[in-house]
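What the coordinates show
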Amino acid sequence: MKAEQQEISSLSDLLREFRDKELELMKGYGVIKHPGLIGGMYEGLTKKVLEKSVFDGLGLKVAAGIIRNKKGDFSGEIDCMLVVGDGEMLPNSDKYIYESDKVVAVIQVKKNLYSKDVKDSYENLKSVIDVTEERDGEEFHGRLTRDAYRSIVMKELPSREELGSLPLHENLLYHILLLEAFYPARIVWGYNGFKSHKHFRDSLVDYLASNISSSPDQIINGYGPLNLPSLIMCEDYSLIKCNGMPFSFALENGWWSVMVSSNRNPVYFFLEVIWTRLQYMFKLSADIFGEDLEVDQVFFYLGCRPVEKEGRSGWEYFYIPIPDKQLEEVLLVKDWEPVELNKAQFIVVNALCHVRKEISYEENEEFSRVLMKEGVDNIYTFVDDLCKTGLVYSKAGKIGLLIDSCGIASIGGKMYAGENKSGRFSRWVMKNY
């Protein structure tokens, strides 16, 4: 089975069935009590699933071992790594050493995942961050950072010269997303454990709470949003990081929805995280994600925002509790829809789509005259509302497209626009025209 032969939804269901069948087979060896042998079986299963998840011809390999940086520092032992190219095989072992710039994703495997295991996995994945060193970025790092920043901040990625003038939350978020693009995706895969969605959610929050200081005089490093894993899976539950790679929500009053949870097939989110990395690295077609005309529904979980106290900056977390009964409800996907625009908004977006450059709106008589004919009496309110659509940004009295490929259409007397880089908007039009 090759990954490219299946769309992401159907492949995730297929891999879940494969996982469940293998787990059933492994139950027959329940009499084995040796932890090393048992752990090896679950690591082997994870390796099989990962190998079936990636694409041929990209030079990708699945290995176990440790990560090394140029200084000679080592990470903790990694159960499963998705890597590019060859590593250094440890003598008399099936483990490898890989340089940090060759590692795409790392997976910490747990037969049973409980609160203690969440702590152990977090610390192990933190060691991956510790040994991933700064280096000159490749082109895909910039594209990944830019798209992530756009999706969360709803503004164009700032230049380095502009960073000093940004609000604190935008400045810190820029640096976090830049590092996220460099770091490997970091995943915890627990096969058994928490039987309650609520207890699963509580476990990470309790661990963070035990390591967060309430005093500005005491700084505890390593527990900010950057260190949170990309994905934590257990049974049928997932904790998903919203760093724009690929999942995200726009900032709301400075708050970043940094993690959400779901009771949907966890393998689906696993593929989304892995494939997003591969798509940017190897410029794969967005067709790997299928029609992409559905929106995943999730439970809000963990928000954060930067705070300054006595000249020091840190992060404040906000946990969103949800009743047990609601957490066990089946989450249904919703149909994706582009942004519906009024006529004045449509005129401006249409112009941006065709001229493909910024339009000045301050002291622009022609701009004001066109909009006044459509009943717009306050240009600044109009621009603010248009920016909230996520289609455009405003900067220094000018507006420009915030998306790379703008699709526009008029259907049934209503006007729409949306990102069409993957052909998503065109497919929506064909479905609804």
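Please refer to the structure placed before this passage.
These lines cover the structure that appears in this document, whether it is placed above or below. (Residues numbered from 1 in each chain as written. Predicted model: local features only at pLDDT ≥ 70, side-chain atom pairs only at ≥ 80, totals over all residues. Heavy atoms only, no water.)

Right, let's talk about the nonpolar core for a bit. Of all hydrophobic cores here, the largest spans 54 residues; its most connected members are Leu204, Leu228 and Leu302. The greatest single-element share of this core, amounting to seven residues, is contributed by helix α5 (residues 168–182). Val49, Leu82, Val260 and Phe270 belong to the second largest nonpolar core, which has 41 residues in total. (Core = buried A, V, L, I, M, F, W, Y, C linked by side-chain atoms within 4.5 Å. Buried < 20%, exposed > 50% of the residue type's maximum accessible area, 1.4 Å probe, protein only. Helix = DSSP H or I, 4+ residues; strand = E, 2+ residues; numbered from the N terminus.)

Glancing now at a negative patch on the surface. Together, Glu291, Glu294, Asp335, Glu337 and Glu340 give the surface a local cluster of negative charge. Summarising the element assignment, Asp335 is placed in strand β13 (residues 334–335). (Patch = residues over 30% accessible without salt bridge, like charges linked within 9 Å, V, L, I, M, F, W, Y side chains within 5 Å. Areas by Shrake-Rupley, 256 points an atom, 1.4 Å probe, with all protein chains shown as cover. Salt bridge = Lys/Arg side-chain N within 4 Å of Asp/Glu carboxyl O. Lys, Arg positive; Asp, Glu negative; His and termini not counted. Charge placed at Lys NZ, Arg CZ, Asp CG, Glu CD.)

In this section: the environment of Glu180. For Glu180, the position within the fold is in helix α5. Through-space distance from the C-alpha of Glu180 to that of Asn243 is 7.8 Å; in sequence the pair is 63 residues apart. A polar contact is formed between the side chain of Glu180 and the side chain of Lys241, at a distance of 2.4 Å. (Polar contact = N/O pair within 3.5 Å; in protein donor to acceptor, adjacent residues only side chain to side chain.)

Glancing now at the side chain of Arg277. Mapped onto the elements of the fold, Arg277 is located in helix α7 (residues 266–282). No salt bridge is formed by the buried Arg277; its nearest oppositely charged neighbour, Glu180, is found at 4.5 Å. One polar contact links the side chain of Arg277 to the main-chain carbonyl oxygen of Ala181, over a distance of 3.5 Å. Apart from the residues within four sequence positions on either side, Arg277 is in contact with Val104, Leu144, Glu180, Ala181, Tyr183, Pro184, Ala185 and Met245. (Contact = heavy atoms within 4.5 Å.)

Let us look at helix α4 (residues 139–153). With 15 residues, α4 extends 21 Å from end C-alpha to end C-alpha; this agrees with the ideal 21 Å at 1.5 Å per step. Those residues of α4 that sit buried are Phe140, His141, Leu144, Thr145, Asp147, Ala148, Tyr149, Arg150, Ile152 and Val153. Looking at the buried residues of α4, the elements they touch are α5, β9 (256–262), α7 and β17 (398–401). Two residues or fewer after α4 comes Met154, characterised by a positive phi angle close to 65°. (Expected span 1.5 Å × (residues − 1).)

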